[in-house]
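Listed below, chain by chain, are the residues.
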Protein chains: 4
Amino acid sequence: MKTDRFQAFSDGIFAILITILVLEFHIPDYQPGRLLPALLAQWPLFLSYAFSYFYVGTLWLFHHDYFSMLARIDRNVNILNLLMLFSITLLDYPMSLVADALTSGNRADMQTAFIVYDLVALFISATFYFMYAYLHHHQELKSHAMSNDFYAAIKFDPVRSVTIYGLAILMTWWSVWFGAILLATGIIFHFFAYLRMSKQMARSKGAVTHD
Amino acid sequence: MKTDRFQAFSDGIFAILITILVLEFHIPDYQPGRLLPALLAQWPLFLSYAFSYFYVGTLWLFHHDYFSMLARIDRNVNILNLLMLFSITLLDYPMSLVADALTSGNRADMQTAFIVYDLVALFISATFYFMYAYLHHHQELKSHAMSNDFYAAIKFDPVRSVTIYGLAILMTWWSVWFGAILLATGIIFHFFAYLRMSKQMARSKGAVTHD
Amino acid sequence: MKTDRFQAFSDGIFAILITILVLEFHIPDYQPGRLLPALLAQWPLFLSYAFSYFYVGTLWLFHHDYFSMLARIDRNVNILNLLMLFSITLLDYPMSLVADALTSGNRADMQTAFIVYDLVALFISATFYFMYAYLHHHQELKSHAMSNDFYAAIKFDPVRSVTIYGLAILMTWWSVWFGAILLATGIIFHFFAYLRMSKQMARSKGAVTHD
Amino acid sequence: MKTDRFQAFSDGIFAILITILVLEFHIPDYQPGRLLPALLAQWPLFLSYAFSYFYVGTLWLFHHDYFSMLARIDRNVNILNLLMLFSITLLDYPMSLVADALTSGNRADMQTAFIVYDLVALFISATFYFMYAYLHHHQELKSHAMSNDFYAAIKFDPVRSVTIYGLAILMTWWSVWFGAILLATGIIFHFFAYLRMSKQMARSKGAVTHD
């Protein structure tokens, strides 16, 4: 099976998800003449939106670079990919929950909202783990064999992420803000993991073929 | 007519539908500090969402594999495809209805919601029946002739599904939960029917050409 | 300029519009146990949705077949196309208005809603008129010259549609139902105009080249 | 890295954003028989929608023409592009804010809404500035070298836009309507800047190669 519809479908879902996040912005109730303070009070929504956009954008970069090494896909890749995209579409809801809980400022609700976000992030990273493992064992799908170094370099990224988000869940019980910082760290970590994977891929490719 | 715009348009609709399902998640009304129980009470929405995502995903897998055998399309395929996509986009609404009725727990409303879902599922399967029949009689559209075995193997799948969903409608009058189980069975059945079709296609292809 | 991004962007807009129409379905307010009658009372929404889906689907078929004759596009085609897509995206709102007004059953409101729908339909047909005229005068964009017969055969379609929708606006003042029937006729007429254009295109193509 | 997924993803986001703008149209509350005046009172929404559609459409035209000169992309282009698309998706919210504030007619709220729109527009233009600068310094990504004249001709466009939107922000404090006119001027200016860039590109291309 060729990769074109696989990629078009995935790109479509990423593009839609990253765009509909913006639909969570609703005009707040405000007294005439008081739109400015009402908007400023929406900072949690903007923050949650910016982080989630950055997160989904990074996941797309991963998807884009990682799958560029495939010459074709099989049925299992398609199914694993649907599971991965399922986990990613779930992000829209915790984004709103976090914004809402931060706005109200209630400690228990913030804990709940952050933990839901953590759980979805953990689920996303877990699907990457399975995808990496599956494709490592199916080198025949790749346009050129990737060196073992490549898999060795990236296979612990999802494990690290799952650990970070797991810790964030525990930490959130103790301190909402520590938990939030760990969550933010996890998301920012993805971006650097992406940069590293991207470089490693170029190197592994270079070692085998000058494509 | 080439298949590229046909596939891009279909992929677009599948990608959008599967993503906007998530827009049905709305933050529930909750007392400060009571977000967690309010979220847990949303289990019907999550269940209905997960099933519907799985369903639309399976339908995409069917569409992806099945149409990969076409070298070109004609006007009738385009029109039948629009009808098929119409039936699929309708899923968004019964997904909410089922979630809403399960949340309220009223027996008559659950019956109504499940039957609407059954009807849409029955309609979807019926459009597959017509598509299979049409393409079987237009082998000239295919990139290589499929053996009669292939059509023989798949042509009863939509009939079986229509039967399951028809039974589910009847059963729902007698017992909501039996009806719900039949509906879930029908959706899971699609996934196995897909796996079988996919294998059968590979075999039929292999029999004629080594593509 | 190649046509691929032009087509991908247009397909994207068509696919999104035809799918988000379904977001206008909202669960009605209902007493426990009264979901069924509440849903049956939504027939205007379903009718309006089915017609609008059929309408947008037909417009996509037009776009798909008509632009398949282009080898490349220029800046003006891109701009005219954006205007055409603008007019089409407007359909989402009158679809809701018509459903809402039919539900309330108030005569003046139904007149208003139908006339807004008529105006959007008239605008859409007008953009097709300009597109047809522009491309007729820029044969150099086409992959093979279309005979004059082709333009002669299709150029009056948008004029006819504009006339039908103009009459529908006038008629609606006199009788809402006559106006509604004219609107429905106009939309169904598009489908037959599409079938005719599609056949005419095949013939004009055949006359020049066996592509 | 090839440009196809990069373009498909960007086209997807543009197509979705330009289409979901229409979701901001909501049926107003109205007394039976009073739909027409209620719709006429929505002129700010229609105006804001039409301008925003025109704006996003122009940005797509820029994106389409400008990136057609690239033979491949690198990681930084992908990241800059995500930033650019982020700034563009933000437009959906100020579009509603402006419509809402114009409807209420409160001076302070209109100032707030226009300034938020100005800020987003300023942000968008700033991302174009960085993209132009980056690609000018990475001629190796282009399918053929663009003359220095080309960069000289376009590099001040984003600077001019940033200046216009900056002035619009200041002006809005003094007079809402002057500020609004400057904002509208800025958006219309983009369209003419696009026409000029498009011509300049054709000329620069012509100077080097007859592609």
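Residues numbered from 1 in each chain as written. Chains lettered and ligands numbered in written order. Predicted model: local features only at pLDDT ≥ 70, side-chain atom pairs only at ≥ 80, totals over all residues. Heavy atoms only, no water.

**Student:** Lay out the UniProt feature "transmembrane region" (unreviewed entry) in chain A in plain terms, naming residues and giving numbers.
**Tutor:** Residues and elements named next belong to chain A. UniProt marks residues 6-27, 39-62, 82-102, 114-135 and 174-195 with the feature "transmembrane region" (unreviewed entry), using the numbering shown here. In this annotation, residues 39-62 is assigned 92% helix and 0% strand; the end-to-end C-alpha distance for the span is 34 Å. Taken as a whole, residues 114-135 contains 100% helix and 0% strand, while its terminal C-alpha atoms sit 32 Å from one another. (UniProt positions renumbered as here; feature names shortened; annotations may be inferred. Helix = DSSP H or I, 4+ residues; strand = E, 2+ residues; numbered from the N terminus.)

**Student:** Help me get a handle on the interface of chain D and chain C, residues and values and all.
**Tutor:** Opposite the 39 residues of chain D that make contact, chain C presents 33 residues. Together chain D and chain C conceal approximately 3,000 Å² of surface at their shared face, both sides included; 71% is due to carbon and sulfur atoms. A salt bridge links Arg5(C) to Asp11(D); the nearest nitrogen and oxygen atoms lie 2.6 Å apart. Viewed at the interface, chain C and chain D are joined by twelve residue pairs in polar contact (both at pLDDT 80 or more). Counting only elements with at least two residues in the side of chain D that touches chain C, the list comes to helix H1 (4-20), helix H2 (35-40), helix H3 (43-67) and helix H9 (176-208) of chain D. The biggest single contributor to the side of chain D that touches chain C is H3(D), with eleven residues. Residues that form the side of chain D that touches chain C fall into these classes: 24 nonpolar, eleven polar and four charged. (Contact = heavy atoms within 4.5 Å. Buried area = accessible area lost by both parts, 1.4 Å probe. Salt bridge = Lys/Arg side-chain N within 4 Å of Asp/Glu carboxyl O. Polar contact = N/O pair within 3.5 Å; in protein donor to acceptor, adjacent residues only side chain to side chain. Nonpolar A, V, L, I, M, F, W, Y, C, P; charged D, E, K, R; others polar.)

**Student:** Now, about the environment of Tyr132(D): what can you tell me, with residues and values included?
**Tutor:** All names here are of chain D. Among the structural elements, Tyr 132 can be located in helix H6 (residues 107-136). What makes Tyr 132 buried here is its relative accessible area of 3%. As for Tyr 132 and Arg 5, which are separated by 127 residues in sequence, their C-alpha atoms are 20 Å apart. Apart from the residues within four sequence positions on either side, Tyr 132 is in contact with Phe 62, Tyr 66, Tyr 151, Ile 154, Lys 155, Pro 158 and Met 197. (Buried < 20%, exposed > 50% of the residue type's maximum accessible area, 1.4 Å probe, protein only.)

**Student:** Before we move on, can you summarise the packing of aromatic side chains with the specific residues and values?
**Tutor:** Taken as a whole and assessed by the stated rule, the structure comprises 68 aromatic pairs over all chains. Look at Tyr129(D) and Phe130(D): their rings are 5.6 Å apart centre to centre, the planes differ by 80 degrees, and that puts the pair in the edge-to-face class. Relative accessible area serves as the criterion here: at 49%, Phe130(D) is assigned to the partly exposed category. A connected cluster of aromatic rings, assembled from ring pairs, spans Phe6(A), Phe62(A), Tyr66(A), Phe67(A), Phe128(A), Tyr132(A) and Tyr194(A). (Phe/Tyr/Trp six-rings, centres within 6.5 Å; stacked < 30°, edge-to-face > 60°.)

**Student:** Just give me the short version of the relation of the copies chain C and chain B, but keep the residues and values in it.
**Tutor:** By a simple turn and slide, chain C fits onto chain B: the slide is 0.0 Å along the axis, the RMSD is 0.0 Å, and the turn is 90 degrees. Here the copies are linked by what is in effect a four-fold axis. Here only 5% of the interface residues in chain C have copies in chain B that are interface residues too; the copies meet through unlike faces. (Least-squares fit on C-alpha atoms with pLDDT ≥ 70 in both.)

**Student:** Before we move on, could you go through the arrangement of the chains and cite the residues and values that matter?
**Tutor:** Separated in space, chain A and chain C share no contact, their closest pair of C-alpha atoms being 9 Å apart. When C-alpha atoms are compared, chain B and chain D, though not in contact, are closest at a spacing of 9 Å.

**Student:** Give a detailed account of the interface of chain C and chain B, specifying residues and quantitative values.
**Tutor:** Across the boundary between the two partners, chain C contributes 39 residues, which contact 32 residues of chain B. Contact with chain B buries surface across chain C, with Tyr53(C), Trp60(C) and His64(C) losing the most and accounting together for 19% of the total. Linking chain C with chain B are one salt bridge. Our count for the chain C to chain B interface comes out at twelve residue pairs in polar contact (both at pLDDT 80 or more). Contributions of two or more residues to the side of chain C that touches chain B are made by helix H1 (4-20), helix H2 (35-40), helix H3 (43-67) and helix H9 (176-208) of chain C. Looking at the side of chain C that touches chain B element by element, the count peaks at eleven residues for H3(C). Taken together, the residues of the side of chain C that touches chain B break down into 24 nonpolar, eleven polar and four charged.

**Student:** Report on the side chain of His64(A), specifying residues and quantitative values.
**Tutor:** Among the structural elements, His64(A) can be located in helix H3 (residues 43-67). For His64(A), a relative accessible area of 4% translates into the label buried. Beyond its immediate chain neighbours, meaning those up to four positions away, His64(A) contacts Met1(D), Arg5(D), Phe6(D), Ile73(D) and Asn78(D).

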